[in-house]
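What follows is each chain in one-letter form.
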Amino acid sequence: MKSLLGKLTLILMMATLSGCSSLMNKVMGLNGVGGVIQQTSPVDNSTIMTVKPAFLCETESCIQSYSATRIGAIWKSNAPNQAVLTLLYDVSDYYDIKYTTFKSINITVDGKDYSFNVTAETKHDNFRSESHDFNVGITKRYIRSISASQVVIPYALLEQMVNAKDCRIQIETTAYKADTFFSNSALIEVGLAKPSIKQLVDEVNKFNNKN
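What you see is a predicted model, and the numbers here were worked out from it, not measured in a lab.

Caption draft 1: Main features of the overall build of the protein chain. Secondary structure assignment for the protein chain yields four helices and ten strands. Starting at the N terminus and walking to the C terminus, you meet the elements of the protein chain as α-α-β-β-β-β-β-β-β-β-α-β-β-α. Per-residue burial for the protein chain yields a buried fraction of 48% across its 211 residues. Sequence-distant contacts in the protein chain: of pairs separated by 6 or more residues, those separated by 24 or more amount to 66%.

Caption draft 2: Here's a closer look at the pattern of salt bridges. What the rule picks out here adds up to eight salt bridges. The residue Arg70 makes a salt bridge to Asp90 at a minimum N-O spacing of 2.7 Å. One end of the pair, Arg70, is in strand β3 (residues 66–76); the other, Asp90, is in strand β4 (residues 82–93), with 20 residues separating them in the sequence. Exposure class is identical for Arg70 and Asp90. Each is buried. A salt bridge links Asp166 to Arg168; the nearest nitrogen and oxygen atoms lie 3.1 Å apart. Of the residues examined, Asp166 reaches a relative accessible area of 23% and is grouped as partly exposed. Put simply, Arg70, Asp90 and Arg144 are held in one network by salt bridges that share partners.

Caption draft 3: View of the pairing of strand β10 (residues 177–181). Sheet analysis places strand β9 (residues 167–173) next to β10, joined by five bridges and oriented antiparallel. Paired with Glu172 across the bridge in β10 is Lys177. Adjacent in sequence and paired antiparallel, β9 and β10 are bridged by three residues.

Caption draft 4: Main features of helix α3 (residues 155–163). Those residues of α3 not exposed but buried are Tyr155, Leu157, Leu158, Met161 and Val162. Along the axis of α3, the buried residues cluster in a sector spanning 155°; they form a single face.

Caption draft 5: View of the environment of Thr69. When you line up the elements, Thr69 lands in strand β3. Considered as a pair, Thr69 and Phe55 are 14 residues apart in the sequence and their alpha carbons are 7.0 Å apart. With residues near it in sequence (within four places) discarded, Thr69 still touches Leu56, Leu88, Tyr89, Phe102, Ile171, Tyr176 and Ala178. For Thr69, the side chain forms a polar contact with the side chain of Tyr176, separated by 2.6 Å.

Caption draft 6: Quick peek at the packing of aromatic side chains. Counted according to the given criterion, the structure contains two aromatic pairs. Centre to centre, the rings of Trp75 and Phe207 are 5.7 Å apart; their planes meet at 70°, and the pair counts as edge-to-face. On the criterion of sequence distance, the pair formed by Trp75 in strand β3 and Phe207 in helix α4 (residues 193–210) is long-range, its members being 132 residues apart. Neither Trp75 nor Phe207 differs from the other in exposure class; each is buried.

Caption draft 7: Focus on the nonpolar core. If you look at the biggest cluster of nonpolar residues, it comprises 37 residues, and the most contacted ones within it are Ile105, Ile107, Ile153, Leu158 and Met161. Looking at this core element by element, the count peaks at six residues for α4. When near neighbours in sequence (up to four residues on either side) are disregarded, Ile153 contacts Asn81, Gln82, Ala83, Leu85, Ile107, Phe116, Leu158 and Met161. In terms of nonpolar packing, the next biggest core, distinct from the first, is built from six residues, Cys57, Cys62, Tyr66 and Leu192 among them.

Caption draft 8: Focus on the environment of Glu60. With respect to the element layout, Glu60 can be found in the loop between β2 (47–57) and β3. Dropping the residues within four chain positions of it, Glu60 is found in contact with Asp166, Arg168, Phe181, Ser183 and Asn184.

Caption draft 9: Broad picture of α4. The end-to-end C-alpha distance of α4, which contains 18 residues, comes to 26 Å, matching closely the 26 Å that a straight helix rising 1.5 Å per residue would cover. Those residues of α4 not exposed but buried are Ala193, Lys194, Pro195, Ser196, Ile197, Leu200, Val201, Val204 and Phe207. The elements touched by buried residues of α4 are β1 (36–40), β2, β3 and α3.

Caption draft 10: Main features of the environment of Met49. Looking at the secondary structure, you find Met49 in strand β2. Met49 sits 27 residues away from Lys76 along the chain, and the two C-alpha atoms are 6.5 Å apart. Those residues in contact with Met49, other than ones at most four positions away along the chain, are Ile37, Gln38, Ala73, Ile74, Trp75, Leu200, Glu203, Val204 and Phe207.

Reading the values: the criteria
Residues numbered from 1 in each chain as written. Predicted model: local features only at pLDDT ≥ 70, side-chain atom pairs only at ≥ 80, totals over all residues. Heavy atoms only, no water. Helix = DSSP H or I, 4+ residues; strand = E, 2+ residues; numbered from the N terminus. Buried < 20%, exposed > 50% of the residue type's maximum accessible area, 1.4 Å probe, protein only. Contact = heavy atoms within 4.5 Å. Salt bridge = Lys/Arg side-chain N within 4 Å of Asp/Glu carboxyl O. Pairing = 2+ DSSP bridges. Arc of directions from axis to C-beta. Polar contact = N/O pair within 3.5 Å; in protein donor to acceptor, adjacent residues only side chain to side chain. Phe/Tyr/Trp six-rings, centres within 6.5 Å; stacked < 30°, edge-to-face > 60°. Core = buried A, V, L, I, M, F, W, Y, C linked by side-chain atoms within 4.5 Å. Expected span 1.5 Å × (residues − 1).

Here you go:
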């Protein structure tokens, strides 16, 4: 797997995009990873808070490697006891489109397991991008493949996840099982799932305390 810095560099250095659809816009957002977005629903005036999918870790220390599967979260004031986890599989390849279909997620919080099937059909999208390596003067071209789905969990479980001493997430797809750590890193927090979702939980709790 590429390092987080490498993935962020690729995102920032993309020079040309084609075939971007609403899926990419909804899942990735303007800033790509992390960051709480608060909106008001035009339908019922409810409050919606969203964190775009950010990186999970392949090691507990969360220093050396990061999973191609990302996770984000959505909370709505008209369904305050639920949270939606957004699942994103994001890979780049020189030649092929590489999709996967999400099946289920197992969350282990301080040794206790919680399992959920996905609650939305996996959506797929792809686009072409390129980045220039100024060190060697080479332009690299990629096909970037996106697969996205959702899982509904209790909001109380989301709170447990961000406050746990040990939280691990296994994501099962038709192609693989990803065993990941929902962890902080001593070196970097930007773009990591746990600090991003912790920020969402803090904002939701502030909102609930005011209302």
